[in-house]
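Notes for the structure review
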Amino acid sequence: LALDAHAAYLQALGCTAIPPVPPTVDRPTCREARLGVPLGLGIHSSSPIVAARTLLWGIGGQASRAGFDVSLGATAGTVAAHFAYGSTIGGDQGELAIVNPATCAIPSHCTAQVSVAAFSGSGIRLGSLSLALPPGYRATIPLSRLASRAVMSISVRATLPVVAEMAQYVGGPP
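The following refers to the structure shown. What you see is a predicted model; the values in this text were computed from it and never measured.

Notes on the overall build of the protein
A tally of regular secondary structure across the protein gives zero helices and 10 strands. For the protein, the succession of helices and strands along the chain, N to C, is β-β-β-β-β-β-β-β-β-β. Considering only residue pairs separated by 6 or more positions, the protein has 68% of its internal contacts joining residues 24 or more positions apart. Split by element, the accessible area of the protein, about 11100 Å² in all, is 59% carbon and sulfur.

A look at the state of the cysteines
Each disulfide consists of one covalent bond between the sulfur atoms belonging to two cysteines. This model, assessed by the stated rule, comprises one disulfide. Disulfide pairing places cysteine 104 opposite cysteine 110 at an S-S distance of 1.9 Å. Residues cysteine 104 and cysteine 110 are joined by a disulfide whose S-S torsion is about -80°; by sign, that bridge is left-handed.

Observations regarding a nonpolar patch on the surface
Taken together, the side chains of Tyr85, Ile89 and Val151 define a hydrophobic patch exposed on the protein surface, amounting to about 250 Å² of accessible area. Positionally, isoleucine 89 belongs in the loop between β5 (78-87) and β6 (93-99). Relative accessible area serves as the criterion here: at 37%, isoleucine 89 is assigned to the partly exposed category.

With respect to unusual backbone geometry
Despite not being glycine, arginine 149 shows a phi value in the positive range, around 50°. Looking at the secondary structure, you find arginine 149 in the loop between β9 (138-142) and β10 (151-169). Classification of arginine 149 by relative accessible area gives exposed; the value is 69%.

Examining the environment of serine 128
Within the secondary structure layout, serine 128 lies in strand β8 (residues 125-133). With 18 residues separating them along the chain, serine 128 and leucine 146 place their C-alpha atoms 5.6 Å apart. For serine 128, the contacting residues outside a window of four places in its chain are Val116, Ala117 and Leu146.

Comments concerning the pairing of strand β7 (residues 112-119)
Across eight bridges, β7 lies against β8 in antiparallel orientation. When the sheet's bridge partners are listed, alanine 112 is paired in β8 with leucine 133. Connecting β7 to the antiparallel partner β8 that follows it, the hairpin turn spans five residues, and glycine 123 within it adopts a positive phi of roughly 90°. With six bridges joining them, β7 and β10 adopt antiparallel strand pairing. The partner of phenylalanine 119 across the bridge, within β10, is serine 153.

Cut-offs and rules
- Residues numbered from 1 in each chain as written.
- Predicted model: local features only at pLDDT ≥ 70, side-chain atom pairs only at ≥ 80, totals over all residues.
- Heavy atoms only, no water.
- Helix = DSSP H or I, 4+ residues; strand = E, 2+ residues; numbered from the N terminus.
- Contact = heavy atoms within 4.5 Å.
- Areas by Shrake-Rupley, 256 points an atom, 1.4 Å probe, with all protein chains shown as cover.
- Disulfide = S-S within 2.5 Å.
- Patch = residues over 30% accessible without salt bridge, like charges linked within 9 Å, V, L, I, M, F, W, Y side chains within 5 Å.
- Salt bridge = Lys/Arg side-chain N within 4 Å of Asp/Glu carboxyl O.
- Buried < 20%, exposed > 50% of the residue type's maximum accessible area, 1.4 Å probe, protein only.
- Pairing = 2+ DSSP bridges.

Structure representation (structure tokens):
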């Protein structure tokens with residue numbers, strides 16, 4: 001299978017290009033160390049690919065990173081999303097962000113009913129919640145609302161397609 005894929009890193013202001021990723025790299029990464037400079041990433045491919053982004057932050061070198069976030073790039077909403085790991089133990093904090101990307105003339109016709117549940121490693125339900133998410137709105141749910149002092153997996157189900165992303169902070173907030 002021949003695949004033509006390339007990634008371009010862009011800064012938010014003025015879209016100044018950051019050096020391109022060589023096409024021979026099978027897992028392109030950006031190690032931009034400019035503090036406070038937001039970055040954007042555009043990915044183009046001739047065939048379907050899976051894109052993900054990882055964020056690492058903290059004080060000092062690699063051994064003392066205080067947090068991380070790994071997320072698949074979303075090309076569309078979904079009615080079911082699952083996250084294999086979340087933690088609220090030892091000062092860890094996590095947040096689940098859910099957005100309803102729908103647009104419609106009558107918002108009540110495209111309000112997503114969303115249910116979120118947390119499960120232990122053995123499948124025991126630790127907690128759950130439900131919410132109504134109008135079109136164009138985002139909800140941020142701290143994992144501590146689902147379970148305190150626990151390692152968990154998270155399941156998101158919705159009546160309409162939504163985009164869900166989970167951030168995990170190790171040892172406290174960023």
